[in-house]
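Notes for the structure review
Chain by chain, the residues:
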Amino acid sequence: MPPQAIKRTLIINADDFGYTAGVNSAIVRCFREGVLPSTTIMANGAAFEEAVALARENPVLGVGVHLTLTELPPVSPPGDIPGLTDDEGRLLPSPADLVGALASGRLKQESIRKELERQVAKVVDCGIVPSHLDSHKHVFVLPPVLEVVLAIAAKYSIRWIRSPFDRYRMRDFLPCVDGGSGRVFLRQHLKSRALAAFRPYFLRRVRERGLRTPDVFYGVSLTGLWNEAAAAQMLKSLPPGISEWMVHPGDCDDALRKQKTRLIEQRRRERDLLTAPSLKEGLAGNNIALGRFGEETT
């Protein structure tokens, strides 16, 4: 089959809509001026209300829910979700803390259910129909969390979910990483390999519940490391079917610098990448269609 006849669709999804005003402004700019068709909103983000207003102003932008169980303040009263918050009433600091709380029995599935269901309900109550679900730090691959997420998807008739498992070859992308970032790439690649242990159970349960996922995912190994060379390599090697590219664009304002995130200046670079003419040219030159979650044409 000639290359031009192969159907390849790329969903580019920006995480963290609602995190800060600077993240919001960059996501909307990438949608309006660049190639970004999709985002996921954080119901407990500091700039959530502004993100909702921007979503209403840009109704073609696909908006899913970025389920969050770490770092940020919960939507629920802390006393209502025992085991899920720290001494300051914030969600647990890291995925490792979440795993530890589950393993020790301090955290029960009911607390997770209450918090995540309230996050989705908050988004829906603002008039947004979620296009899909994904999760902050990919914690929904954990079986106790996944079962809650699948039940919420059924309750709200959400048909798509991220499958956050990198499948590309490390050697294809390592030469694209900027000098000095090779160790970060290798460390994140090991993290993606660890996530892969959950893939068989995740995909089996997702399919049993009738949900759909993109066929291929690009993101964990290259989080914060995307540049023109890496993007060009991805577009050149994109397989047939539907792929998702996870991105984190942002404007680096004071609010972002105060957050507990390692992605600061990297967000600005991804904003610039997603609005660069070279990326539009790369999509066209490789005959790749942009898509959104839930578009039946994909």
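Please read all numbers here as calculations on a predicted model, not as lab measurements. (Residues numbered from 1 in each chain as written. Predicted model: local features only at pLDDT ≥ 70, side-chain atom pairs only at ≥ 80, totals over all residues. Heavy atoms only, no water.)

**Digging into the packing of aromatic side chains**
Enumeration over the complete set of coordinates arrives at eight aromatic pairs. Ring geometry for Tyr168 and Tyr218: centres 5.1 Å apart, planes at 5°, overall stacked. Taken together, the residues Tyr168 in the loop between α5 (143–155) and α6 (170–173) and Tyr218 in strand β5 (residues 216–218) connect sequence positions 50 residues apart. A residue is classified by how much of its surface remains accessible, and Tyr168, at 12% relative accessible area, is buried. One aromatic cluster in this structure is built from Tyr168, Phe173, Tyr218, Trp226 and Trp245. We note Lys122 situated over the ring of Phe48; from NZ or CZ to the ring centre the distance is 4.6 Å. (Phe/Tyr/Trp six-rings, centres within 6.5 Å; stacked < 30°, edge-to-face > 60°. Helix = DSSP H or I, 4+ residues; strand = E, 2+ residues; numbered from the N terminus. Buried < 20%, exposed > 50% of the residue type's maximum accessible area, 1.4 Å probe, protein only. Lys NZ or Arg CZ within 6 Å of the ring centre and 35° of its normal.)

**Concerning the environment of Asp254**
Tracing the chain through its elements places Asp254 in helix α10 (residues 254–257). Overall, Asp254 belongs to the exposed group, its relative accessible area being 56%. The spatial distance from the C-alpha of Asp254 to the C-alpha of Pro130 is 29 Å, given a sequence separation of 124 residues.

**What about the pattern of salt bridges?**
Considering all chains together, one arrives at 19 salt bridges under this definition. Between Arg267 and Asp16 there is a salt bridge, with the nearest N and O atoms lying 3.1 Å from each other. Taken together, the positions of Arg267 in helix α11 (residues 265–274) and Asp16 in strand β1 (residues 8–17) put the pair 251 residues apart, joining distant regions of the chain. A single burial state applies to Arg267 and to Asp16, both of which are buried. Arg162 is the partner of Glu244 in a salt bridge, and the nearest nitrogen-oxygen pair spans 2.7 Å. Here Glu244, found in strand β6 (residues 241–247), pairs with Arg162, found in the loop between α5 and α6; they are 82 residues apart in sequence, far enough to count as distant. For Arg162, a relative accessible area of 0% corresponds to the buried category. Taken together, the shared-partner salt bridges connect Asp15, Asp134, Arg162 and Glu244 into one network. (Salt bridge = Lys/Arg side-chain N within 4 Å of Asp/Glu carboxyl O.)

**Here's the deal with the side chain of Gln119**
With respect to the element layout, Gln119 can be found in helix α4 (residues 109–125). Judged by relative accessible area, Gln119 falls into the buried class, the value being 0%. There is a polar contact of 2.7 Å between the side chain of Gln119 and the backbone oxygen of Thr68. Apart from the residues lying within four places of it in its own chain, the contact partners of Gln119 are Ala43, Asn44, His66, Leu67, Thr68 and Val75. (Polar contact = N/O pair within 3.5 Å; in protein donor to acceptor, adjacent residues only side chain to side chain. Contact = heavy atoms within 4.5 Å.)

**Focus on α4**
Helical periodicity: at 3.6 residues per turn, an α-helix aligns residues three or four positions apart in one direction. With 17 residues, α4 extends 24 Å between its outermost C-alpha atoms, agreeing within 8% with the 24 Å of an ideal straight helix rising 1.5 Å per residue. Every buried residue of α4 is listed here: Ser111, Ile112, Glu115, Leu116, Glu117, Gln119, Val120, Ala121 and Val123. Looking one or two residues past α4, Gly127 carries a phi angle of roughly 95°, positive in sign. (Expected span 1.5 Å × (residues − 1).)

**Looking at the layout of surface pockets**
Size it by volume and the largest pocket reaches roughly 380 Å³. Along the wall of the largest pocket there are 22 residues; nearest its centre are Lys137, Lys191, Thr223, Arg262 and Leu263. Listing elements by their share of the lining of the largest pocket, those giving two or more residues are β1 and α7 (182–195). Class assignment for the residues of the lining of the largest pocket results in five nonpolar, eight polar and nine charged. (1 Å grid on protein atoms, 1.4 Å probe; cavity = no way out; pocket = protein on both sides within 12 Å on 5 of 7 lines; lining within 4 Å. Points joined across faces, edges and corners; volume = space filled by probe spheres on them. Nonpolar A, V, L, I, M, F, W, Y, C, P; charged D, E, K, R; others polar.)

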